[in-house]
2 protein chains.
Amino acid sequence: MNKRVMVLGGDGFCGWPTSLHLANHGYEILIVDNLSRRRIDEEAGTLSLTPISHIDERIECARKLIGNVSFSYCDVNKDPLKLRSLISDFRPSTIVHFAEQRSAPYSMIDDDKRRFTVDNNINGTHNLCSAISDIDQSIHIVHLGTMGVYGYNDAFGIIPEGYLDITVNQTSEKSKILYPANPGSVYHMTKCLDQIIFQFYAKNWGIKITDLHQGIVWGAVTEETIKDPILANRFDYDGIYGTVLNRFIAQSQNNHNLTVYGTGGQQRAFIHIQNTTDCIRIATETSGNVTPGQVRIMNQVTEVFSVMELAKIVSKLTGANIEMIDNPRNELADNNLMVSNEQFLDHGLKPKKLNDHLLEDLMFTVSCFEERFDDAKVLNSPSWR
Amino acid sequence: MNKRVMVLGGDGFCGWPTSLHLANHGYEILIVDNLSRRRIDEEAGTLSLTPISHIDERIECARKLIGNVSFSYCDVNKDPLKLRSLISDFRPSTIVHFAEQRSAPYSMIDDDKRRFTVDNNINGTHNLCSAISDIDQSIHIVHLGTMGVYGYNDAFGIIPEGYLDITVNQTSEKSKILYPANPGSVYHMTKCLDQIIFQFYAKNWGIKITDLHQGIVWGAVTEETIKDPILANRFDYDGIYGTVLNRFIAQSQNNHNLTVYGTGGQQRAFIHIQNTTDCIRIATETSGNVTPGQVRIMNQVTEVFSVMELAKIVSKLTGANIEMIDNPRNELADNNLMVSNEQFLDHGLKPKKLNDHLLEDLMFTVSCFEERFDDAKVLNSPSWR
């Protein structure tokens, strides 16, 4: 198997550090991106706390300090023929697919954003599968899904890695089925649609696919992005793209209260961005474990916390107060999340725990706040009721 | 509830007779269509056996002989803003959604057709849901699904109407879940994706949705289309758009063998086109039975036959010989299909049975064959292996 990996969406929050991490491990990386996340910042008035360098600077610096990384501009939704020619020319053994609009709040802003999210994410995923079924059916797709495909239904017990053991009542037949989809936003819905596309392409053409259901990512730096300010990753703290822990950090450093949506009893799974990059590498290295005809699904998570537990951790470290506000999201007030992540642990993933590493993150971000923090952005989540 | 019904895809094979049927029952009908089926005929070199009159002639004749029918050109995938303004202006109580590329073989021809089918069907369905969530959440969507979403998995027993009673093994929790999707083509896959979109919009905004999983349609005429040649419905007999019974009829009338794919042991569900129109009317009239938050799913089928049983019926009526050919489709050689259709029977549907009515269909089509039958079209199905 060759060491060429194409990273769709390789300019984004997970895509960029993953590209660097794989390059650091000897892979030849072709980043394919339409730079849409940069445009969304302009349109939505959001801004990464860390300054993001121009894509050409990023690539130049990565080639100097890390390894073999290059870039091709392509919109995988709108330009499927270019995607095909990039795949045919580069001949990767693995394509990592991050090229989706990844914010749940963004996908719930209005009709235009709902439609953009569905059009972009579904056609992008399908264009990739369709291209591979023609060009080279041995290419392994590694796709970033989300824990949100499972919903938060306590009654089904420990969330398995993608497939649920059931008994069909009328026949007493035992079966393993794709976990019933239960998305909580248009964004999460697109990841549920992706699953059915993958299932069909795996079944009909035997395409090798790994779908990674990731928890909420936290953390500002990875071993590779820390090497130079030009390699810095995004740090979003706004109500649209900022995940909950980043928002708390931003609030704590600016003498704001930590705003907890609803009761704070929502339990969610988390993972550090460094572990995200480890997981993608592990998934890439273990393509031999994908059973022909069936998508391999792995839960890319390391820890579970309730939103209130997170707020208390940050409060204890920083002295910030906690404030409860109405939940803009249409979700259960409380849930009890248990989730299996054995596959990654078996493959040697070393979880980077929140209680051990949060302080580093806080320290790193302090320096950035003075110039670029914008108060008004923290509470700008749309309502989805 | 007003009697205004918008029919998306109302120029097509199911849409046109349904529009006439509803108009005949006193509904005010606005057909919304991009006339794509006419263009596909030109592109694919297919042709309806029955001549199809110009859309303006169709509408004029329908207004004279049937009832209140009008037409607006709109591509519900590519022009969501026009769709929104049509809905806002017309203010229907029901929108019947047929506006999807509906041929499984067409969806499997090549990359271009796979992408067209996904782009067209998914964005069309989602644009509609997104529009309704903004404009008027009380509008009832009646959507044509397909029995193909269930796949043909004997082990799960009688196919229920959309929801399967299961027990989750690890918790012993009993639950009713959306029947696990098991599509057999890109086309069928899009109807599985539609289901997840509907599920989310029903859950998050309480949109009233009825999804009708229809069997294979047969039959050349309905009570309304028979009234004038200008109102005639399509009759496709080619390997791409022609369903199995239509192909057998066309073959029998031209002294060809009836070509059975594979073993002929594939059992499938069927319904006459007249019953299709009855079912859509029943679904429209019973929107009060839709439980808020949950999509109502009904199986729109009346009978089950194996492909070989169908061939034998046609052979007996016409004297044509049966010939087995390699199956171009990637499907089980045999299956045993049992399917529940109690909801429509409870609402008074009178099944139009094949053994009682096939001869009428044969007689009607005879007159059309001399001029328009094209030998080469019957066996032009693409392979999906």
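Residues numbered from 1 in each chain as written. Chains lettered and ligands numbered in written order. Predicted model: local features only at pLDDT ≥ 70, side-chain atom pairs only at ≥ 80, totals over all residues.

Caption draft 1: Inspection of the overall build of chain A at higher detail. Each helix and strand counted, chain A has 12 helices and 14 strands in total. Reported as C-alpha extents along the three principal axes, the dimensions of chain A are approximately 60 × 55 × 40 Å. A total of 385 residues make up chain A; the buried ones form 55% of that total. Across chain A, the fraction of contacts at a sequence separation of at least 24, relative to all contacts at a separation of at least 6, is 83%. (Helix = DSSP H or I, 4+ residues; strand = E, 2+ residues; numbered from the N terminus. Buried ≥ 20, exposed ≤ 12 C-beta atoms within 10 Å, placed from the backbone. Contact = placed C-beta atoms within 7 Å.)

Caption draft 2: Spatial organisation of the sheet that holds strand E7 (residues 173-178) of chain B. If you walk across this open sheet you meet the 4 strands as E7(A)-E6(A)-E6(B)-E7(B), and the pairing is antiparallel. Of all strands in the sheet, those with a lone pairing partner are strand E7 (173-178) of chain A together with E7 of chain B, marking the two edges. Between one strand axis and the next, the sheet turns through 45 degrees on average, direction left out of account. (Pairing = 2+ DSSP bridges. Axes fitted to C-alpha atoms, helices over the stretch in contact; angles between N-to-C directions.)

Caption draft 3: Region of the structure containing unusual backbone geometry. Phi at Leu35(A) takes a positive value of approximately 60 degrees, unusual for a residue other than glycine. Tracing the sequence through the fold places Leu35(A) in the loop between strand E2 (28-33) and helix H2 (36-44).

Caption draft 4: Molecular detail of the relation of the copies chain B and chain A. Structural alignment of chain B on chain A gives an RMSD of 0.0 Å, achieved by rotating through 180 degrees and translating 0.0 Å along the axis. Such values leave the two copies arranged in the relation of a two-fold axis. Mapped onto chain A, 100% of the interface residues of chain B again fall at the interface, so both copies present the same surface. (Least-squares fit on C-alpha atoms with pLDDT ≥ 70 in both.)

Caption draft 5: A look at the packing of helix H6 (residues 111-135) of chain B against helix H7 (residues 186-205) of chain B. Residue and element names in this part refer to chain B. Put simply, H6 and H7 touch, their axes get as near as 10 Å, and they point 15 degrees apart. Relative to H7, H6 is oriented roughly parallel. Considering how the two elements wind past one another, H6 and H7 form a crossing that is right-handed. Contact residues: H6 offers Arg114, Thr117, Val118, Asn121, Ile122, Thr125, His126, Cys129 and Ser133, while H7 offers Val186, Tyr187, Thr190, Leu193, Asp194, Ile197, Tyr201 and Trp205. (Parallel < 35°, antiparallel > 145°, perpendicular 65-115°, else oblique. Left-handed = near helix turned anticlockwise from the far one by under 90°.)

Caption draft 6: Expanded view of the interface of chain B and chain A. At the junction of the two partners, chain B supplies 41 residues and chain A supplies 41 residues. Mapped by element, the contributors of at least two residues to the side of chain B that touches chain A are H6, strand E6 (163-168), E7 and H7 of chain B. Taken together, the residues of the side of chain B that touches chain A break down into 22 nonpolar, 12 polar and 7 charged. Pairing geometry for strand E6 (residues 163-168) of chain A and E6(B), over 3 bridges, is antiparallel. Paired with Val168(A) across the two strands is Ile166(B), which belongs to E6(B). (Nonpolar A, V, L, I, M, F, W, Y, C, P; charged D, E, K, R; others polar.)

Caption draft 7: Helix H1 (residues 15-24) of chain B, seen in detail. Residues and elements named next belong to chain B. For H1, the tally of buried residues reaches 10 of 10 residues, placing the bulk of the element in the interior. The complete set of buried residues in H1 reads Gly15, Trp16, Pro17, Thr18, Ser19, Leu20, His21, Leu22, Ala23 and Asn24. One or two positions beyond H1, positive phi appears at Gly26, with a value near 90 degrees.

Caption draft 8: Structural detail: the nonpolar core. Counting residues in each nonpolar core, the largest one holds 216 residues, and the members touching the most others are Leu8(A) and Leu8(B). Once residues within four sequence positions are removed from consideration, Leu8(A) is found in contact with Val32(A), Val76(A), Ile95(A), Val96(A), His97(A), Phe98(A), Ala99(A) and Leu128(A). (Core = buried A, V, L, I, M, F, W, Y, C linked by C-beta atoms within 7 Å.)

Caption draft 9: Expanded view of the environment of His188(A). All names here are of chain A. Along the chain, His188 falls in helix H7 (residues 186-205). Given 21 C-beta atoms within 10 Å, His188 falls into the buried group. Spatially, the C-alpha atoms of His188 and Gly265 are 20 Å apart, while their sequence positions differ by 77 residues. Contacts of His188, omitting those with residues within four sequence positions, involve Ala104, Thr146, Gly148, Val149 and Pro183.

Caption draft 10: Summary view of the confidence of the model for chain A. Scored by pLDDT, chain A comes out at a mean of 93, with 98% of its residues at no less than 70. Among the prediction metrics, the complex's ipTM stands at 0.96, with pTM recorded as 0.96. (pLDDT = per-residue confidence, 0-100.)

Caption draft 11: Spotlight on the sheet that holds strand E13 (residues 303-306) of chain B. All names here are of chain B. Reading across from one edge, E9-E11-E13 is the order of the 3 strands in this open sheet, with mixed pairing throughout. A strand with exactly one partner marks an edge of an open sheet, and here the two such strands are strand E9 (216-218) and E13. When strand polarity is set aside, the average angle formed by the axes of neighbouring strands in this sheet is 45 degrees. As paired elements, E9 and strand E11 (residues 267-272) share 3 bridges and run parallel to each other. Counted as the bridge partner of Ile216 is Phe270 from E11. Sitting on the sheet, helix H9 (residues 273-285) touches E9 and E11, and the angle it makes with E11 is about 75 degrees. Contacts from helix H10 (residues 307-318) reach E11 and E13 within the one sheet, and its direction differs from that of E13 by about 90 degrees.

Caption draft 12: Inspection of the environment of Gly67(B) at higher detail. All names here are of chain B. Structurally, Gly67 can be placed in the loop between helix H3 (55-65) and strand E3 (69-73). Looking at Gly67, the number of C-beta atoms within 10 Å reads 19, which means it is partly exposed. Sequence-wise, Gly67 and Tyr106 are 39 residues apart; in three dimensions their C-alpha atoms are separated by 34 Å. In this structure, Gly67 is in contact with Ala23, Asn24 and Gly26, ignoring residues within four places of it in sequence.

Caption draft 13: Local environment of the environment of Ile325(A). All names here are of chain A. Assignment of secondary structure puts Ile325 in strand E14 (residues 322-325). Since 11 C-beta atoms lie within 10 Å of it, Ile325 is described here as exposed. A C-alpha to C-alpha distance of 6.3 Å links Ile325 and Thr259, two positions 66 residues apart in sequence. Excluding residues within four positions of it along the chain, Ile325 makes contact with Thr259 and Tyr261.

Caption draft 14: Just the packing of helix H6 (residues 111-135) of chain A against H6(B), in detail. Where H6(A) contacts H6(B), the two axes come as close as 10 Å, and the packing angle between them is 165 degrees. As the angle between them shows, H6(A) and H6(B) are arranged roughly antiparallel. In this structure, H6(A) meets H6(B) at a crossing whose hand is right-handed. From H6(A), Asp111(A), Arg114(A), Arg115(A), Val118(A), Asp119(A), Ile122(A), Asn123(A), His126(A), Asn127(A), Ser130(A), Ala131(A) and Asp134(A) reach across to H6(B), where they touch Asp111(B), Arg114(B), Arg115(B), Val118(B), Asp119(B), Ile122(B), Asn123(B), His126(B), Asn127(B), Ser130(B), Ala131(B) and Asp134(B).

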